[in-house]
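Below, each chain spelled out in residue letters.
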There are 4 protein chains.
Amino acid sequence: MTRRGFASDNNAGIHPEILQAIAAANQGHVLAYGDDPYTQRAVDAFKRHFGDDIAVYFVFNGTAANTLGLAAVMRSYQAVICASTAHIHCDECGAPEKFAGVKLLTCMTPHGKLSVEHVRQHMHGLGDEHRAQPGAISITQSTELGTVYTPDEIRALADYAHAHGLLLHMDGARICNAAAALDLPLRALTRDAGVDVLSFGGTKNGLLGGEAVIFFPPRALAADFKFIRKQGMQLASKMRFIGAQFEALLCGDLWQRNAANANAMARRLADRVRGIVEIAYPVQANAVFAIVPKRRIADLRAYSFFYEWADLDGERAIVRWMCAWDTTAEDVDGFAAHIAEVLREA
Amino acid sequence: MTRRGFASDNNAGIHPEILQAIAAANQGHVLAYGDDPYTQRAVDAFKRHFGDDIAVYFVFNGTAANTLGLAAVMRSYQAVICASTAHIHCDECGAPEKFAGVKLLTCMTPHGKLSVEHVRQHMHGLGDEHRAQPGAISITQSTELGTVYTPDEIRALADYAHAHGLLLHMDGARICNAAAALDLPLRALTRDAGVDVLSFGGTKNGLLGGEAVIFFPPRALAADFKFIRKQGMQLASKMRFIGAQFEALLCGDLWQRNAANANAMARRLADRVRGIVEIAYPVQANAVFAIVPKRRIADLRAYSFFYEWADLDGERAIVRWMCAWDTTAEDVDGFAAHIAEVLREA
Amino acid sequence: MTRRGFASDNNAGIHPEILQAIAAANQGHVLAYGDDPYTQRAVDAFKRHFGDDIAVYFVFNGTAANTLGLAAVMRSYQAVICASTAHIHCDECGAPEKFAGVKLLTCMTPHGKLSVEHVRQHMHGLGDEHRAQPGAISITQSTELGTVYTPDEIRALADYAHAHGLLLHMDGARICNAAAALDLPLRALTRDAGVDVLSFGGTKNGLLGGEAVIFFPPRALAADFKFIRKQGMQLASKMRFIGAQFEALLCGDLWQRNAANANAMARRLADRVRGIVEIAYPVQANAVFAIVPKRRIADLRAYSFFYEWADLDGERAIVRWMCAWDTTAEDVDGFAAHIAEVLREA
Amino acid sequence: MTRRGFASDNNAGIHPEILQAIAAANQGHVLAYGDDPYTQRAVDAFKRHFGDDIAVYFVFNGTAANTLGLAAVMRSYQAVICASTAHIHCDECGAPEKFAGVKLLTCMTPHGKLSVEHVRQHMHGLGDEHRAQPGAISITQSTELGTVYTPDEIRALADYAHAHGLLLHMDGARICNAAAALDLPLRALTRDAGVDVLSFGGTKNGLLGGEAVIFFPPRALAADFKFIRKQGMQLASKMRFIGAQFEALLCGDLWQRNAANANAMARRLADRVRGIVEIAYPVQANAVFAIVPKRRIADLRAYSFFYEWADLDGERAIVRWMCAWDTTAEDVDGFAAHIAEVLREA
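In this report, the structure presented in the accompanying data block is examined.

1. Thoughts on the interface of chain D and chain C
Alright, step 1. Contacts between the two partners involve 55 residues from chain D and, on the opposite side, 55 residues from chain C.
Alright, step 2. Taken as a group, H29, M233 and K238 of chain D account for 19% of the area that chain D buries against chain C, more than any other trio of residues on that side.
Alright, step 3. Remark: the boundary between chain D and chain C carries zero salt bridges.
Alright, step 4. Here chain D and chain C share 40 residue pairs in polar contact (both at pLDDT 80 or more) between them.
Alright, step 5. Secondary structure elements with two or more residues in the side of chain D that touches chain C: α1 (16–25), α3 (62–73), α5 (95–100), α9 (225–231) and α10 (240–251) of chain D.
Alright, step 6. Ranked by residues supplied to the side of chain D that touches chain C, first place goes to α3 of chain D with four residues.
Alright, step 7. Broken down by class, the residue content of the side of chain D that touches chain C amounts to 25 nonpolar, 20 polar and 10 charged.

Put into structure tokens, the structure is as follows:
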């Protein structure tokens, strides 16, 4: 049960430096709900990365970061344009619809990445009260399929969005993996590329738990987000422990180290298995999607559980192998050897 | 900043045994979202306290526990009858209204405790579609004013509720303090007293963060709660760390030790200051509400911040002093001495 | 069944001039959803009453007018301060909570009328994210208890609201009755008294069905209300027939005639029965609230059904007798004679 | 403006027999909110068509019938599978998402008709709390593209739905057109084909305004729908006038006559223009979808406005021509002649 597997970066634990930061913050009493020095220092760390004029708020998890971030800037009759593979569409059980009231308009995309071309499909009926009105484009970085938007690709979407009165929302549950993959500062692929609202993921990158919602100027959005967060059931009473985690993640290079390791391990895994399985999508972050015979999945899972992503033709399936901050080269090589053994038998 | 104060039990940190449990759970990979042995053992611990046939779900915080627990068992046109001082009414920024759609019908009560007499005020217009239909009674145990319902008082409310087709919901953010105060098992003042849905609080009693929603048979409620929790943005990915905390809290007597200490310190504080200030409500759990001159509040806060609860007459205010799992006799005596010094000067 | 009774002004039918206007509008095809000349002329009629710079939207009923009007100008974490007797609180089955997400904060008032004094009770915790933030005051004109706010009373509430960043909402389901009672133009007790959002009632004043939501500058509110109305399920496809009704009501003095008759009949009824029953509230519009022995209610209802409003002491109840646009002096005298006969027997 | 056009069946007025029924119901006082003989007789008429054991409720419009009907039988975390062209997805501004909280899962279909094959695409992730759980299939009869489901096609969807724990919802805004087209009783293509919840359209078939939501046993659904309707802002106070309209529509054969005329006129129009334009979809009810050069649309609209439905290739568009209960052969021939004239010039 404690073997490191390839099911999800959520299955990994807490990075030791993060856990140490939690322990270090466990001193005496501090004010609850964020009015404490740990939270303040975490906010400061975010400002060093993204600029002094941002607004940043901590929440418990990614579903809330996405849903409340959108709720803050959308009216309920608006729609969010996203990829058909988007986490907000596929994996949040209708939370954006329920809480924000919005409709999601989805686009079929190659490799999980939206382009202006896709967005345009939904840009009709503007001003017509019968149609939910496009109010935002939401992209995931890195995507649910392990691909990464370049800053230019993001900028193109942002320019289109802003030219049409829309906002650009980024689900950055794995934003650190994307930045590490591109070898760019976090700011370059978010604020500087035109993103308006960012869900900044911490949990998948070594935290016990914690995400942040960041609003970027010059659009001064969501001055009232603190009320939305509270009504959205996401105000942590002992917020110092979220703050302390983010401080540890962002003050040094831990965010980068963790993400870069996960990415490197995914590349290593892809390299190790490339002759044995077909890789379904470009391996640009910490996920490997491979095409395998369905009847061998059980044997493949003997190493560790992983998710079947999609059935291709009844015979073959796309499966997802995910690397984490703690995945080691030995883990990868062991899993690759197992894959080779199982599939060569076939 | 790190001095232990009397502002809130939320201002305390993590009990060392809880933090140790988190660290101990930080081994390798386990499945995310609750399908892990730590969560399973925590569920088992709850079952030992409350019976094998309960359903228990972990969430991040108390607002969510209350709101989602009610959402699970209410239709949106229903109403929840509660005290005018109830946390769900005063301190959750309209989360129950927003997420569950329900209306809260409030009653003026002495000392924060509802009785059947209060509830009856709202039991009219039944079956009339113009009125939100009473669907639940919600009580807080221990109450927001530091008082405690006896099992008989709860049973009377439960019997009335059930006789009228309502459910009894308990906001148990401080349920351990109530059980410790009554020196009763947790079950005696919840399930055995007729409670149908319980928010079980952990955060205020020494956890880093974590609450549970428990549904009691024989009313088999909310078989679909896992979907409500997810859509309610409260499904923790690294749930093992909530599970591990609850396992540590509930397997031994830590829940009782922490709560009993907080209660004892509140009684000690009340005893120490009784000749100096008027105590506003019976001190039955871990809160002391005292009446003090408003103009001395700043001086009183020189020891540590605390909340002004209510303005009495422009001259005097009710203030709240809260004890926590980590409050020591020295803390109490130091604060009491400070109070005495400040107020005797007056 | 077709006898004119005193249960409700909703029990009356359609004024002949209104029905004639519907028939007259039933010519050929016009565009649906309001882009037709009847709707345009109704809008023009409203502008003549309230000023050219208003925004006015038609909806089906009063619950929608109130709920959507509030939804347009409130954020979901906000609260609406109203009388405990307000229709939005007592008689809309939680529609404002469900659709707008808001909390209603109620005040005990004499005769159903709010004053600044009442509002102040809820003006605390401002800026505190734990509390739903007061965002509007809502008053009903004429009130649910048959009383009428003077323009000065409204202005005082408006000034207080605006000084504190709140809006003033008026549930004007019987706004015409109030204007007729005060012998003032509609504008004098709404826009000119500081109201920001008005539900303008038509149905109780002789329409088949139709209400309007009006937003007043200088606060340019709710430019996007057409989307809120559509998402709120209140966009009429054959809107010309709502438009035609309002044109007939407002272009001449029909609004005034209908309301003035109802008011006069209520005064007549009160005068006729004053020696026989105690009148509970000032009779200022078209309702008479009387205190009668509960055991005689069945006999009293032999004339026509009416509502028991409140139980006073187990022995006596407050009942409501409502006059409508079509109530005649003969109806009143007949009912008064019946009341006298029944109660004198007692 | 009063010429009968081909833009929409919503642009037609009130059938004279319906208007006469409204006038006839305008006698004296009756109880509001549906407790009146007209509403009762309308309910009885529905029972004669659909069986004595149905539950039927009147609402104002189709968006509400669909949204509230779904809200009554869905939990908010559920999803509704529908065609990508469905009115609930394209033309209700997100009302189902906002009010019911549900997600819509759409399928690309030929001619607007769902089949089991389409539905199956979304039947994965069952029991997985990350995904909105399919809870209903919704079909439109006749469809938004003017096609009609046969009873066998509906039965196949119903059987699949019921075998998988889903309900079958039918948006019957034009249910009478479908029944007339199939020359079947209303019951044959609804209840007897397995439909669980039906939005029964009146407005497009000659009413001033009014729709019904019908729940079919043996699944006894939505006993509490009256509260959902009220909270959903759709309880008409003068409901007698909706009741009287439905009584007039359903007691005799008016429902059939109106729908059959609209259908016949659409077939006539299609026949008249078939040599001149390409007909895009089978003309089975009262709509004709034709492919025309975009640059001639303005000229075509010189006869009367109509909607451009979809852009095909920048050069050509699909346009919709709709016939109504009052469309005459002369109207059709005049419009066809105009079309011929305009397009032959091209």
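2. A short note on the relation of the copies chain D and chain C
Alright, step 1. Of the two same-sequence chains, chain D is brought onto chain C (RMSD 0.0 Å, axial shift 0.0 Å) by a rotation of 180 degrees. Considering both components of the superposition, the chain copies are consistent with a two-fold axis.
Alright, step 2. Interface overlap between copies: 100% of the residues of chain D at the interface are likewise at the interface in chain C, consistent with a symmetric, same-surface contact.

3. Observations regarding the relation of the copies chain B and chain D
The pair of chain copies shares a relation made of a rotation about an axis and a shift along it.
Alright, step 1. Superposition record for chain B on chain D: RMSD 0.0 Å, screw rotation 180 degrees, translation along axis 0.0 Å.
Alright, step 2. The overlap is high: 100% of the interface residues of chain B also sit at the interface in chain D, so the same surface is used on both sides.

4. So, helix α7 (residues 151–163) of chain D
Residues and elements named next belong to chain D.
Alright, step 1. Compared with the 18 Å implied by 1.5 Å per residue over 13 residues, the 18 Å span of α7 between its first and last C-alpha is a close match.
Alright, step 2. Those residues of α7 lying buried are I154, L157, A158, Y160 and A161. Taken end-on, α7 shows its buried residues confined to a sector of 165 degrees, consistent with a single buried face. In α7, the exposed positions that point more than 90 degrees away from the buried face belong to D152 and A163.
Alright, step 3. Elements that come into contact with the buried residues of α7 comprise α6 (116–120), β4 (133–140) and β5 (167–172).
Alright, step 4. Count one or two residues on from α7 and you reach G165, which has phi positive near 80 degrees.

5. A short note on unusual backbone geometry
Alright, step 1. Looking along the chain, the bond that leaves Q141 of chain B and enters S142 of chain B is cis, with omega of -15 degrees.
Alright, step 2. Within the element layout of this structure, S142 of chain B appears in the loop between β4 (133–140) and α7 (151–163).
Alright, step 3. You will see that C93 of chain A, though not glycine, has its phi angle at about 50 degrees, which is positive.
Alright, step 4. Inspection of the secondary structure puts C93 of chain A in the loop between α4 (87–90) and α5 (95–100).
Alright, step 5. In this structure C93 of chain A comes out as buried when scored by relative accessible area, which is 1%.
Alright, step 6. In this model, D183 of chain D sits at a positive phi of 55 degrees, which is unusual for a non-glycine residue.
Alright, step 7. Within the element layout of this structure, D183 of chain D appears in the loop between α8 (175–182) and β6 (197–201).

6. Side note on the sheet that holds strand β9 (residues 287–293) of chain A
Residue and element names in this part refer to chain A.
Alright, step 1. In space, the four strands of this open sheet follow the order β8-β9-β11-β10, with antiparallel pairing throughout. Only two strands of the sheet have a single partner each, and these edge strands are β8 (278–279) and β10 (307–311).
Alright, step 2. Summarising the sheet, β8 and β9 pair through two bridges and their orientation is antiparallel. Following the sheet pairing, E278 is matched in β9 by I291.

7. Details of the packing of helix α2 (residues 37–50) of chain D against α10 of chain D
Packed helix pairs are specified by the crossing angle of their axes together with the interaxial distance, meaning the distance between the axes.
Residues and elements named next belong to chain D.
Alright, step 1. Running from N to C, α2 and α10 cross one another at 35 degrees; their axes reach a closest spacing of 7 Å. In this structure, α2 meets α10 at a crossing whose hand is left-handed. Residues Y38, T39, R41, A42, A45, F46, R48 and H49 of α2 form the contact with α10, whose participating residues are R240, G243, A244, F246, E247, L250 and C251.
Alright, step 2. Across the contact of α2 with α10, the residue classes tally to eight nonpolar, three polar and four charged.

So, how was this worked out
Residues numbered from 1 in each chain as written. Chains lettered and ligands numbered in written order. Predicted model: local features only at pLDDT ≥ 70, side-chain atom pairs only at ≥ 80, totals over all residues. Heavy atoms only, no water. Contact = heavy atoms within 4.5 Å. Buried area = accessible area lost by both parts, 1.4 Å probe. Salt bridge = Lys/Arg side-chain N within 4 Å of Asp/Glu carboxyl O. Polar contact = N/O pair within 3.5 Å; in protein donor to acceptor, adjacent residues only side chain to side chain. Helix = DSSP H or I, 4+ residues; strand = E, 2+ residues; numbered from the N terminus. Nonpolar A, V, L, I, M, F, W, Y, C, P; charged D, E, K, R; others polar. Least-squares fit on C-alpha atoms with pLDDT ≥ 70 in both. Expected span 1.5 Å × (residues − 1). Buried < 20%, exposed > 50% of the residue type's maximum accessible area, 1.4 Å probe, protein only. Arc of directions from axis to C-beta. Pairing = 2+ DSSP bridges. Axes fitted to C-alpha atoms, helices over the stretch in contact; angles between N-to-C directions. Left-handed = near helix turned anticlockwise from the far one by under 90°.

Keep in mind these numbers describe shape, not what the thing actually does.
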